[in-house]
Amino acid sequence: MEVAPEDREILTLNTHRGLYRPNRLMYGIASATAIWQRQIETILQGIEGVSVFLDDIKITGSDQDTHLRRLEEVLQRLSEWNIRVNRSKCEFFADVIEYCGYMIDKEGIHKIRAKVEAINGMTIPKNKEEVRSFVGLINYYGRFFKNLSTVLYPLNNLLKKDVPFVWTKQCEESFRTVKLQMQSKDCLVHYSPELPLALAKDASPYGVGAVLSHLYPDGTERPIQFASQTLTSVQQGYMEVDKEAYAILFELNQIETLPIKAVELAQATAEDQTVRVLVQGIKYRQDVDSKDRFGVEQTEFSLQKGCLLRGIRVYAPQVFRKRVLEELHSTHFGITCTKSLARGYCWWIGMDRDIETMIADCAECQSVRSEPAKTRLHYWETPTLPFQRVHVDFAGPFMDTYFFILVDSYSKWPEIKVCKSITAESTVNMCRQIFSTFGIPSVLVSDHGVQFTSEAFQNFLRMNGIIHKMGAPYHPSTNGQAERYVQTFKQKLKALKCSKSMMNTELSNILLMYRKMLHPATGQSPSMQVFGRQIRSRLDLLLPKNEARAAPNRVVREFKDGDRVRDFLSHDKWKFGRIVEKTGKLRYIIRIDDGRIWERHIDHMVGVGENLREDVVESPTPAINHYVPVSMATNPVVTAANPVAGKDTPIEPAAELGSENASGTTPVKVNQGITTPSRTVPGYPERPSTMPIRRSNRIIKHPQKLNL
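These remarks concern the structure in this document. (Residues numbered from 1 in each chain as written. Predicted model: local features only at pLDDT ≥ 70, side-chain atom pairs only at ≥ 80, totals over all residues. Heavy atoms only, no water.)

### Remarks on the overall build of the protein
Right, on to step 1. Counting its regular elements, the protein contains 20 helices and 30 strands.
Right, on to step 2. Expressed as a percentage of the 708 residues in the protein, the buried residues total 39%.
Right, on to step 3. If you sum the accessible surface of the protein, you get close to 43,200 Å²; carbon and sulfur atoms cover 52% of it. (Helix = DSSP H or I, 4+ residues; strand = E, 2+ residues; numbered from the N terminus. Buried < 20%, exposed > 50% of the residue type's maximum accessible area, 1.4 Å probe, protein only. Areas by Shrake-Rupley, 256 points an atom, 1.4 Å probe, with all protein chains shown as cover.)

Below is the structure:
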């Protein structure tokens with residue numbers, strides 16, 4: 001696989017013979033495996049009876065002619081892509097193959113004999129690491145073991161952090177039992193959609209187990225796969241009947257169907273004969289007949305990572321449509337809401353009709369369907385901002401639980417809080433939580449419940465400047481926004497038939513879907529009205545994503561030579577000065593009004609007025625941990641009065657050798673330097689300066705001025 005020219009520099013190798021830049025993808029690159037797997041799947045996609053894992057291609061066939069035809073097609077594809085196979089590593093017309101630690105034949109899946117012997121030959125573990133290694137190898141073959149979690153419980157218990165390593169009698173029994181079961185020659189049969197299934201469960205004090213089996217015409221029952229799970233400390237305290245019930249819920253309620261991802265859609269699209277001509281036309285930029293593009297303009301379609309899109313909506317192949325419909329209708333919303341949600345993600349011919357049929361045939365939806373709403377005689381004034389007016393109400397008791405419901409009149413954004421009590425104090429606390437996220441509303445609408453009319457709640461509203469409006473007694477339609485949402489969420493929970501333990505999970509799913517759906521009153525989803533964007537859900541996994549690019553860094557402030565600035569000195573003091581030189585993107589040399597010069601980061605400087613007076617100090621306070629670049633001041637001196645190198649001293653003009661300065665001492669010139677043209681700085685006389693001593697691209701003082 002050829003590497004793009006712009007990426008070859010990244011893979012450069014440093015050898016004893018120099019630097020080498022590879023042109024092809026090398027072994028050892030972290031992403032190489034995934035890149036190759038994706039490429040080989042693309043090459044062989046669409047051929048029935050073929051599966052591939054890295055460099056291992058498996059071809060099956062129900063008879064010799066079918067097998068030969070598929071083999072020829074695979075070899076033809078490899079030839080077109082200039083891929084060669086090693087003849088000595090190929091097996092043709094084999095009755096059994098070894099794959100990923102399993103032996104596969106027409107009877108089913110078997111354990112590899114070498115692995116069985118390796119496990120039987122293992123000695124008793126002497127520490128936790130050896131136990132972990134043994135348990136890991138056993139778990140790889142866990143599908144062959146009945147009630148494995150129960151059998152392995154003593155060994156798994158040894159791996160806990162707070163359990164010391166003590167090899168007990170129970171550990172020894174578990175170790176020997178697993179070895180004995182490993183020697184079994186039982187195999188797992190292949191799944192067949194034509195045979196009936198049987199699901200058996202079991203529970204023990206430490207775990208639950210299940211086995212999925214096929215029932216054969218001769219009355220025999222053969223396993224397809226075993227499964228088990230270790231109970232938590234809380235679950236181990238269940239009564240026996242509850243453990244048995246939990247065992248039934250285990251491959252059923254605990255295992256959630258994974259959403260369809262873009263890579264699955266790409267593979268199914270390539271195998272879909274309905275759009276095969278259209279896909280080829282888009283790929284090779286060829287016009288296709290109207291019948292092959294469903295009468296839709298070809299310019300509306302595009303290909304992205306193997307997925308066919310119409311605009312921003314991805315095409316769902318026939319094989320996945322049922323799963324997509326189930327995902328769209330997972331929370332049992334109506335036809336209009338479900339259609340609006342679907343139109344933002346997926347498309348196929350007849351999608352609206354399929355949605356209507358699905359909901360019409362949904363017994364749960366039809367059983368809780370409400371009567372048509374009556375015409376509203378009163379209309380509230382339309383709010384202009386999100387959470388300007390909110391409607392609140394309580395629902396319940398429903399499933400022995402109360403619910404506090406708040407709805408924003410502008411965006412139709414719902415908030416539902418599960419509560420155990422409906423007192424004024426709990427109502428205030430729930431309102432505080434919601435208002436801390438969305439802000440304090442101007443108007444709150446409620447009924448005449450005692451929670452809302454209590455003095456505590458009224459004080460809360462007054463303190464926050466909220467106007468409280470209540471409808472007429474016995475006229476709930478005045479607060480219809482909240483009342484309608486009470487009925488909506490009740491219907492969804494009933495349709496889902498969820499248990500009390502799953503109520504919070506299902507309620508969160510209902511809120512997530514509702515907040516994404518277009519509302520008929522606003523024409524937008526609540527999330528778009530509140531946040532200006534659609535919130536993300538599992539349906540977004542259907543759409544292929546483009547990789548985001550990081551925005552470049554930008555310098556927001558900049559100074560020029562001679563600019564007047566205020567500079568942070570130290571100890572919460574500020575000094576004024578001028579920019580002398582820019583030494584980096586964010587670093588500058590500053591001449592302070594008292595004559596000192598130093599380097600500063602832009603974060604420590606603020607621009608000031610050009611005419612700000614100069615604050616010249618005759619005896620400046622010595623700066624701490626600051627250095628003075630020699631190039632930006634007159635020649636520094638070390639006086640006899642202060643001869644210690646490294647001490648901070650006032651900067652004086654250079655004097656001639658042998659002459660005395662104002663203090664009566666004879667200065668010693670430290671650095672003659674190289675005289676450069678003078679730099680004119682506003683407010684200062686013209687005078688020559690000396691070239692700085694530079695080291696490692698940084699201006700430093702003369703060694704006599706540093707504590708070297």
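Still more ground to cover, so stick around.
### What to know about the packing of aromatic side chains
Right, on to step 1. Across all of its chains, the model carries 14 aromatic pairs by this definition.
Right, on to step 2. Arranged with centres 5.3 Å apart and planes meeting at 90°, the rings of Trp413 and Phe531 form a pair that is edge-to-face. Here Phe531 lies in helix H20 (residues 526-531) and Trp413 lies in the loop between strand E16 (401-408) and strand E17 (414-419), a separation of 118 residues in the sequence.
Right, on to step 3. By relative accessible area, Trp413 is classed as buried at 4%.
Right, on to step 4. Among the residues examined, Phe531 registers a relative accessible area of 41% and is labelled partly exposed.
Right, on to step 5. Of the aromatic side chains, those joined through ring pairs into one cluster are Phe394, Phe404, Phe435, Phe452, Phe457 and Phe460. (Phe/Tyr/Trp six-rings, centres within 6.5 Å; stacked < 30°, edge-to-face > 60°.)

### Looking at the packing of helix H12 (residues 335-342) against helix H13 (residues 351-360)
Right, on to step 1. The contact between H12 and H13 brings their axes to 10 Å, and the two run at 140°. Like other packed secondary-structure pairs, H12 and H13 cross with a definite hand, here right-handed. On H13, the residues that touch Ile335, Thr338, Lys339 and Ala342 of H12 are Met351, Asp352, Ile355, Glu356 and Ile359.
Right, on to step 2. Of the residues contributing to the contact of H12 with H13, the split by class is 5 nonpolar, 1 polar and 3 charged. (Axes fitted to C-alpha atoms, helices over the stretch in contact; angles between N-to-C directions. Left-handed = near helix turned anticlockwise from the far one by under 90°. Contact = heavy atoms within 4.5 Å. Nonpolar A, V, L, I, M, F, W, Y, C, P; charged D, E, K, R; others polar.)

### Considerations on helix H10 (residues 276-283)
Right, on to step 1. Buried within H10 we find Leu278, Val279, Gly281 and Ile282. Down the axis of H10, the sector holding all buried residues measures 165°, keeping them to one side.
Right, on to step 2. For H10, the secondary structure elements touched by its buried residues are helix H9 (262-271), strand E11 (301-304) and strand E12 (307-310).
Right, on to step 3. Immediately beyond the C-terminal end of H10, within one or two residues, lies Arg285, with a positive phi of roughly 55°. (Arc of directions from axis to C-beta.)

### Focus on the side chain of Asp292
Right, on to step 1. Mapped onto the elements, Asp292 comes out in the loop between H10 and E11.
Right, on to step 2. Polar side-chain contacts of Asp292 include one of 3.4 Å to the side chain of Lys291.
Right, on to step 3. The residues touching Asp292, leaving out its near neighbours within four places in the chain, are Val277 and Leu278. (Polar contact = N/O pair within 3.5 Å; in protein donor to acceptor, adjacent residues only side chain to side chain.)

### Quick look at the pairing of strand E8 (residues 197-203)
Right, on to step 1. With 7 bridges joining them, E8 and strand E9 (residues 207-215) adopt antiparallel strand pairing. Considered in E9, the bridge of Leu199 is made with Leu212.
Right, on to step 2. Hairpin connection of E8 to E9: 3 residues between the antiparallel strands. (Pairing = 2+ DSSP bridges.)

### Some remarks on a nonpolar patch on the surface
Right, on to step 1. A cluster of nonpolar side chains, Leu68, Phe92 and Phe93, forms an exposed patch at the surface whose accessible area comes to about 270 Å².
Right, on to step 2. Inspection of the secondary structure assignment puts Phe93 in the loop between helix H2 (64-80) and strand E5 (96-99).
Right, on to step 3. Assessed through its relative accessible area of 45%, Phe93 is described here as partly exposed. (Patch = residues over 30% accessible without salt bridge, like charges linked within 9 Å, V, L, I, M, F, W, Y side chains within 5 Å. Salt bridge = Lys/Arg side-chain N within 4 Å of Asp/Glu carboxyl O.)

### Regarding the sheet that holds E8
Each strand in a sheet pairs with its neighbour through backbone hydrogen bonds, running either in the same direction (parallel) or in the opposite one (antiparallel).
Right, on to step 1. Reading across from one edge, E8-E9-E10 is the order of the 3 strands in this open sheet, with antiparallel pairing throughout. The strands lining the two open edges of the sheet, one partner per strand, are E8 and strand E10 (221-230). Adjacent strand axes in the sheet meet at a mean angle of 15° when their direction is disregarded.

### Examining the environment of Phe144
Right, on to step 1. In this fold, Phe144 is placed in the loop between helix H4 (128-140) and helix H5 (148-151).
Right, on to step 2. Residue Phe144 is classed as buried on the basis of its relative accessible area, which comes to 12%.
Right, on to step 3. A sequence separation of 42 residues divides Phe144 from Asp186, and the C-alpha atoms of the two residues are 8.0 Å apart.
Right, on to step 4. Not counting chain neighbours up to four residues away, the residues in contact with Phe144 comprise Tyr102, Ile109, His110, Lys111, Asp186, Cys187, Leu188 and Phe226.

### Quick word on the sheet that holds strand E24 (residues 605-607)
Right, on to step 1. The 5 strands are arranged E23-E22-E21-E20-E24 in an open sheet whose pairing can be described as antiparallel. Edge positions in the open sheet fall to strand E23 (597-601) and E24, since each of these has one partner strand only. Going from strand to strand, the sheet's axes swing by 45° on average, the running direction of each strand aside.
Right, on to step 2. Sheet analysis places strand E20 (residues 564-568) next to strand E21 (residues 574-582), joined by 5 bridges and oriented antiparallel.

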